[in-house]
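# Chain and residue survey
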Amino acid sequence: MEGKVFKYGDNVDTDVIIPARYLNIADVKELSTHCMEDIDSDFAKNVKPNDIIVALDNFGCGSSREHAPLTIKENKVQCVIAKSFARIFYRNAINIGLPIIECEYADEIDNGDTLNIDFEKGIIKNITKNKEYKINVFPEFIKKIIDAGGLMAYAKEIA
Amino acid sequence: MGMTLTEKLLANAAGLKEVKVGDLINAKVDIVLGNDITTPVAIREFKKAGFDKVFDNKKIAIVLDHFVPNKDIKSAEQSKVCRDFAYEQNITHFYDVGKMGIEHALLPELGVVTSGDVIVGADSHTCTYGAISAFSTGVGSTDMAYAMATGFEWFKVPPAIKVVLKGKLNKECSGKDVILTLIGMIGVDGALYKSLEFVGDGCKTLSMDDRLCICNMAIEAGAKNGIFEFDEITESYLKGREERKGKVFKADADAEYEQVIEIVLDDIKPTVSCPHLPENTKDAKDLNNIKIDQVVIGSCTNGRMEDMIAAYEVLKGHKVHDKVRCIIIPATMNVYKECIEKGIITEFINAGAVVSTPTCGPCLGGYMGILAKGERCIATTNRNFVGRMGHTESEVYLASPRTAAKSAIAGYITD
């Protein structure tokens, strides 16, 4: 699927993904209008279905709030690509079914680039730059969680 | 090949003789924790998946601490979701206003968590309990739901960094200066996905409150967990406190570490993390040009009794600078009460500080001390990200209670 890139740098923390002042909001739809607000105030307004967030190292560091990947997913972001992810964000994304990709070439991707991600073949095509990057595959156990549709669906399967 | 302390704990919880770095395991958990922010999301996932009963009502802890006493209607509704669930499931370790404290100060204080435990909490600072030689790590709400339903959690066995502590801290320094120094050395992703294992003779000179503070901020280096070995200090802390008898594990002599870092405690100086990352550390004495508007002393990092005493010793008989607001928040009701009984709160008020009941409030920019545009705060909290305590153009400097209290009097950052 094709999508446009919203590019950020290192250490994008969960406080800027979804500021704590909104964590009293239970409704994910309402919450998602504040997604990325403290790093990119117009993100929720500008993002379109299938767009892609690309960042560098340690994406999602800080608080464990699942509200962060939830609001990204609610904004119909196709996936998040980063050089590396903070570990709780990484777990949360897998657990709720938000696709994430660790990609060492993330710094070659620029804001506004159009990417086409082929999860089956494990390839990211940068259409703007006419380049291809290979995706690392998930371990078998994590694939099972993803295939089940998230951790709770997996819990039901094995219960 | 031998196992690290973290590997020993995880192998035991997974019912395996041996685990090695990179193994994906399913481990039994001893305590599952959530707060008023993360638990409602976990409850929603728990119910949505069709579960109706938690695996063990004694092994779940729900602590209302972020926005309580509730700051507005929305947070009151979130607390109510937690409360209703806790009553419905007969959760033994449910802590509401009057009994609550900041979760990571409260659970060790009450002995709900103990040595050898595997603990998961839907709060990133759950790594705090490594101080009592437990494997303890932050997870998300869906992980919390999964653990509440099954009593298990999946983990990838982490590689370890051995942090060898030598010598003894100078009297003006505390655990906070140690962990800020370490984060300054390795960066906010210096221990990403890894375990930080604190060893060496220097550990014996660190109090339990110092250790709790050090492990609390392991996550600020990206670590999965931070952990100290069980020793006499752990033993005397847990004695008469732990609800269950803890287990004791020890790293093998031939355990493999990805990296070894040595820190001489005598060399540590009062340290401050400058905006907007905990890794931006400087010596407090070099920041005398930084004027401050607010001071916050408290949080899961530094709201324990020793922290209150450190602030008291500085503030007693002095006045907070005219242009500074000083907010002090004892982390639990027991700490609060002890501060009252010892006359500490009277001295705080005489100095011109304000004292609140336990809450995470200002640390995460929730309430009780939000910063306006352009304002600066020195805080004993754990994060100084953009907008963390209020306006995106405000600034937070992280420091120890002693440094924060000294700065409150001076009106600028000082050691």
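## Examining the sheet that holds strand 6 (residues 135–138) of chain B
Residue and element names in this part refer to chain B. Strand order in the open sheet formed by five strands is 4-3-2-5-6, and the pairing between neighbours is parallel. At either margin of the open sheet sits one strand with a lone partner, and together these are strand 4 (93–95) and strand 6. The mean angle between the axes of side-by-side strands here comes to 15°, regardless of whether they run parallel or antiparallel.

## Comments concerning the interface of chain B and chain A
Contact with chain B, which involves 45 residues of that partner, is made by 36 residues of chain A. When contributions to the side of chain B that touches chain A are tallied by element, the ones reaching two or more residues are helix 2 (39–48), helix 3 (73–88) and helix 5 (141–150) of chain B. For the side of chain B that touches chain A, the leading source of residues is helix 5 of chain B, giving seven residues.

## Some points on the pairing of strand 3 (residues 60–63) of chain B
Residues and elements named next belong to chain B. On strand 3, burial covers both faces: I60 and I62 on one face and A61 and V63 on the other are all buried. Regarding topology, helix 2 serves as the crossover connection from strand 2 (residues 31–35) to the parallel strand 3, and that connection is right-handed. Where the polypeptide runs from strand 3 across helix 3 and back to strand 4, its parallel neighbour, the crossover connection is right-handed.

## Some thoughts on the confidence of the model for chain B
Of all residues in chain B, 100% attain a pLDDT of 70 or more, and the chain-wide mean is 98. With a pTM of 0.97, the predicted complex shows an ipTM of 0.94.

## What to know about unusual backbone geometry
For the bond running from V68 of chain B to P69 of chain B, omega is -15°, close enough to zero to count as cis. Its place among the elements puts P69 of chain B in the loop between strand 3 and helix 3. Of note, the amide linkage connecting P275 of chain B to H276 of chain B takes the cis form, showing an omega dihedral of -5°. Phi at N50 of chain A takes a positive value of approximately 80°, unusual for a residue other than glycine. Inspection of the secondary structure assignment puts N50 of chain A in the loop between helix 3 (43–46) and strand 2 (52–55). We note that S133 of chain B has phi near 65°; this positive angle belongs to a residue other than glycine. Inspection of the secondary structure assignment puts S133 of chain B in the loop between strand 5 (118–121) and strand 6. Residue S133 of chain B is classed as buried on the basis of its 28 C-beta neighbours within 10 Å.

Scoring rules and cut-offs
Residues numbered from 1 in each chain as written. Chains lettered and ligands numbered in written order. Predicted model: local features only at pLDDT ≥ 70, side-chain atom pairs only at ≥ 80, totals over all residues. Pairing = 2+ DSSP bridges. Helix = DSSP H or I, 4+ residues; strand = E, 2+ residues; numbered from the N terminus. Axes fitted to C-alpha atoms, helices over the stretch in contact; angles between N-to-C directions. Contact = placed C-beta atoms within 7 Å. Buried ≥ 20, exposed ≤ 12 C-beta atoms within 10 Å, placed from the backbone. Right-handed = clockwise from strand over helix to strand, strands pointing away. pLDDT = per-residue confidence, 0-100.

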